[in-house]
Amino acid sequence: MKDFKVIEVKRSIFEDNNADADKLRAELKSEGTFLLNLMSSPGAGKTTTLKRTISMLKDEMKIGVMEADIDSDVDAQAISETGVRAIQIHTGGMCHLDADMTRQGIREFGTKDLDFVVLENVGNLVCPAEFDTGSTKNAMILSVPEGDDKPLKYPLMFSICDVVLINKCDTLSVFDDFSKEAVKERILKLNPDAKIFFVSAKTGEGFDEWADWIRTEISEYQK
Amino acid sequence: MHELGIIVHVMRTVEEVAAENNLTEIRSVTCEIGEVSGVVPEYMIDCWGYARSRSELLKDSELKIEIIPGVTMCEDCGKTYSTVQYAKICPHCGSSATYLLEGNGFSIKEIEGA
């Protein structure tokens, strides 16, 4: 008969991941690679936003994109067409990336010579918010057709993001019940430090400000 | 699935603890899940059933779950109340200046092994 004993563990799963994420953040900092974790619901325009962002910045800095998806490499192909390096990470059915998966992706990709790496997280406003990936900054895209009540429904996502892009602003005339003031107030109530940009990845509206934010963040980071 | 990712974390941690304590067989793993952590206990059990078969150490183990109630604190009147029942508005004084005190965590409490 085996002698079974009880061992106290008392370890928080989220705290373990947080510690791992902090370690990855420090590693990236020492390499001078700025990692932006980009989140949104499916169809908010992550890939289109990225393509326009890349075209504005690719002559100034070395950019790489890591596309996380449950399956397929549709997004990585779309990004490769812009001429920057892209890698597809399959989460194998999982709804989010954690710090360990991100580190594996980063090492496989080889980011040492890159200034700006965007991690396109799985399209989902719930789970990615709970797992720190080890990114330098968190960004999310909310598109106008999704509605201005999303900060009320997914408060955690809005409270962990350093920057929120309100995308598809070219459709405001159609979705005329979307209030820019209301969405701004709701986001700032959850997260007073959040930077909010109203953009359209289709027309390019608001992208100068967004690109400037990235430039400033990266130059501060690499000092 | 969210729960599957968490289970992978749990298994990794349990394997580390088992190695540190020279355990070769685990009978049970007890997790504490916050009532408002967003983790669904039933899915955890299902995922465990799937995931444990892939680990020699854990293949016969049981996942036990203890729920930690969600408790919200009111800044205005200083009282606490059930988060699930009353959400953001304090039932004692009607204030919305409230914050979650506990119940959003997720941790491994203990493991039983030999």
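- Looking at an unreviewed UniProt entry, one finds chain B named Hydrogenase maturation factor HypA, with Roseburia inulinivorans DSM 16841 as its source organism.
- On record in UniProt, under Function (unreviewed entry), the comment for chain B is "Involved in the maturation of [NiFe] hydrogenases. Required for nickel insertion into the metal center of the hydrogenase."
- Its UniProt record gives chain B the following Sequence similarities (unreviewed entry) comment, quoted word for word: "Belongs to the HypA/HybF family."

- By the naming in an unreviewed UniProt entry, chain A goes by Hydrogenase accessory protein HypB and is assigned to Roseburia inulinivorans DSM 16841.

1. Details of the overall build of chain A
Move 1: When helices and strands are tallied, chain A shows nine helices and eight strands.
Move 2: The globule rule puts the C-alpha radius of gyration for 223 residues at 17 Å, and the 18 Å found for chain A is close to it.
Move 3: With respect to the three principal axes, the spread of C-alpha positions in chain A is 75 × 40 × 35 Å.
Move 4: Looking at chain A as a whole, 43% of its 223 residues qualify as buried.
Move 5: Put simply, of all contacts in chain A between residues at least 6 apart along the chain, 75% involve residues at least 24 apart.

2. Let's talk about the packing of helix α1 (residues 13-31) of chain A against helix α1 (residues 2-20) of chain B
Move 1: Orientation of α1(A) relative to α1(B), taken along the N-to-C sense of each, is 85°, at an axis distance of 10 Å. Relative to α1(B), α1(A) is oriented roughly perpendicular. Along the contact surface, α1(A) presents Ile13(A), Asp16(A) and Asn17(A), while α1(B) presents Ile6(B), His9(B), Val10(B) and Thr13(B).
Move 2: Each residue belonging to the contact of α1(A) with α1(B) can be placed in one class, and the counts come to three nonpolar, three polar and one charged.

3. Considering the environment of Asp170(A)
Residue and element names in this part refer to chain A.
Move 1: Along the chain, the position of Asp170 falls in the loop between β7 (163-167) and α8 (180-190).
Move 2: Under the C-beta neighbour-count criterion, Asp170 is labelled partly exposed, with 15 such atoms within 10 Å.
Move 3: C-alpha separation for the pair Asp170 and Val199, spaced 29 residues apart in sequence, amounts to 8.1 Å.
Move 4: Discounting chain neighbours no more than four positions away, the residues touching Asp170 are Ser200, Lys202, Thr203 and Glu205.

Definitions and limits used
Residues numbered from 1 in each chain as written. Chains lettered and ligands numbered in written order. Predicted model: local features only at pLDDT ≥ 70, side-chain atom pairs only at ≥ 80, totals over all residues. UniProt positions renumbered as here; feature names shortened; annotations may be inferred. Helix = DSSP H or I, 4+ residues; strand = E, 2+ residues; numbered from the N terminus. Rg over C-alpha atoms; globule rule 2.2 N^0.38 Å. Buried ≥ 20, exposed ≤ 12 C-beta atoms within 10 Å, placed from the backbone. Contact = placed C-beta atoms within 7 Å. Axes fitted to C-alpha atoms, helices over the stretch in contact; angles between N-to-C directions. Parallel < 35°, antiparallel > 145°, perpendicular 65-115°, else oblique. Nonpolar A, V, L, I, M, F, W, Y, C, P; charged D, E, K, R; others polar.

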